Amino acid sequence: MKILIFYTHNQGLLSSFFQELSEKLCQDGYEVDNFYLKNKRDFFFQKGIHVYGDKRAGYYHNYKSIFSIIKKCKPDVIISNFSYINPALLFGKLLGVKRNIAWFHTAYGHTKPNWLKILNKTFYLNLADVVLANSMQLQNEMHEVYKVPKQKTKCISFWTNISDYRNRSNFTTINSHEPVLKIGCPGRLLADKNHVSVIKAIYELKRGHENTIHLYIAGDGPYKQDLERLVGELELNDTVSFMGLLNVPDMVAYYDAMDVVVLPSFHEAFGLVFIEAIALGRPVLVSKSFGALGFIDAEKFPIQDFSFNPYDIPELINKLEPYMVNNGLKSDYFKMIYDATFQKDVIYNQIKTVILNQTMPSS
């Protein structure tokens, strides 16, 4: 069986996920090709996998490249995500691919597409033999928003390899031994990521506690100036640091330096930053909107203990206050959540059953 996987090939952890998925499929005896669009044409052989790259250009060129690679590779199965989904589904259907899988990652509330975009996506998603969603919330959106039949959808989480990058960084910007409560808030600087709530919570905490506190915001994006302006207005310039974009090894060092990580997004279909943080054993306070929470056994790990309403700043403050007196949930607890919930071999076997068109075992 030949499998063609479309994804963005880079140094990020989502790319690492699809690379390892490809390697595991190859080790299991499947012939695997990868394809991506980037800044130049390329080809290389990586751990048994043929990796094809083409230059990203205009709409017509990109669609032609995807048509050409499907015609060249003649796969039995296609897996596509993000901007590759529409052309991969269309040309897979036209070229007679036996099993065409779309892996959909983006929550409706995050992008708020207009009716025309919904109609367009509905058409393409219904060409798929199966649509993978990385949360139950997103799986429901496939049915309710995009009208994909329930029997054509599956819900499967990600795993993360972030712990493989430990001790690879010379990142020394944060003094992990400094006697202040270090709060991390990673993520692209967009309004929907809701950094504003964390900044306002820090402002209130500083007023009510003598303890020293510092917020470290990792990431970049178009909302940075607005956040910097808010920090200035609240006179928090000595309390909030903008770290900019960090590579994966530096992100590991960043996580490891934090006493608690706050993830306040209004909408997250899954939330890779959440599983990255807990895989490293970092205490986390996470927005209830994160799709990854739906995979956790809530009886064993009560989600309300470490989640909050992203619209409710007082609730976030209440959840942060125990950390001000060193009484928050401990690192080992969060590592236990990751190990119990996002097991690589379990997730891989779930993906493989979808590829092979088998029945997934009950969770």
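Residues numbered from 1 in each chain as written. Predicted model: local features only at pLDDT ≥ 70, side-chain atom pairs only at ≥ 80, totals over all residues. Heavy atoms only, no water.

Asker: Which parts of the structure should I look at to understand the pairing of strand β9 (residues 181-186)?
Answerer: A regular strand places its side chains so that they alternate between the two faces of the sheet. A large share of β9 lies buried, amounting to six of its six residues. The alternating pattern of β9 places Leu181, Ile183 and Cys185 on one face and Lys182, Gly184 and Pro186 on the opposite face, and all of these are buried. The pairing of β9 with strand β12 (residues 260-263) spans two bridges and is classified as parallel. Of the residues in β12, the one forming a bridge with Ile183 is Val260. (Buried < 20%, exposed > 50% of the residue type's maximum accessible area, 1.4 Å probe, protein only. Helix = DSSP H or I, 4+ residues; strand = E, 2+ residues; numbered from the N terminus. Pairing = 2+ DSSP bridges.)

Asker: Quick question: what am I supposed to make of the packing of helix α2 (residues 59-73) against helix α3 (residues 85-94) here?
Answerer: Helix-helix packing: each pair is described by the crossing angle between the helix axes and the interaxial distance. Interhelical geometry of α2 versus α3 gives an angle of 45 degrees and a closest axis separation of 9 Å. Between α2 and α3, the crossing angle belongs to the class labelled oblique. Note that α2 runs across α3; the crossing there is right-handed. Along its contact with α2, which presents Tyr63, Ile66, Phe67 and Ile70, the element α3 presents Asn86, Pro87, Ala88, Phe91 and Gly92. Counted by class, the contact of α2 with α3 contains seven nonpolar, two polar and no charged residues. (Axes fitted to C-alpha atoms, helices over the stretch in contact; angles between N-to-C directions. Parallel < 35°, antiparallel > 145°, perpendicular 65-115°, else oblique. Left-handed = near helix turned anticlockwise from the far one by under 90°. Contact = heavy atoms within 4.5 Å. Nonpolar A, V, L, I, M, F, W, Y, C, P; charged D, E, K, R; others polar.)

Asker: Whenever I open this one, the pattern of salt bridges confuses me. Can you help?
Answerer: Side chains bearing opposite charge may pair, as long as their charged atoms lie close to each other. Under the criterion given, the structure shown has 15 salt bridges. In this structure, the salt-bridge partner of Lys24 is Asp345, at a minimum N-O distance of 3.7 Å. Pair noted here: Lys24 is in helix α1 (residues 13-27) and Asp345 is in helix α13 (residues 344-355), with a separation of 321 residues, a long-range link. Given a relative accessible area of 16%, Lys24 falls into the buried group. Accessibility expressed as a relative area gives 52% for Asp345, which makes it exposed. Two residues, Lys319 and Glu315, come together in a salt bridge whose shortest N-O distance is 3.6 Å. Pair noted here: Lys319 and Glu315 are both in helix α11 (residues 313-324), with a separation of four residues, about one helical turn. One exposure class covers both Lys319 and Glu315, and it is buried. (Salt bridge = Lys/Arg side-chain N within 4 Å of Asp/Glu carboxyl O.)

Asker: Just checking my understanding: could you explain the state of the cysteines for this structure?
Answerer: Each disulfide consists of one covalent bond between the sulfur atoms belonging to two cysteines. One pass over the structure, following the stated rule, counts zero disulfides. Cys73 takes part in no disulfide bond, and the closest cysteine sulfur, belonging to Cys26, lies 14 Å away. (Disulfide = S-S within 2.5 Å.)

On their own, these measurements won't tell you what the molecule is for.
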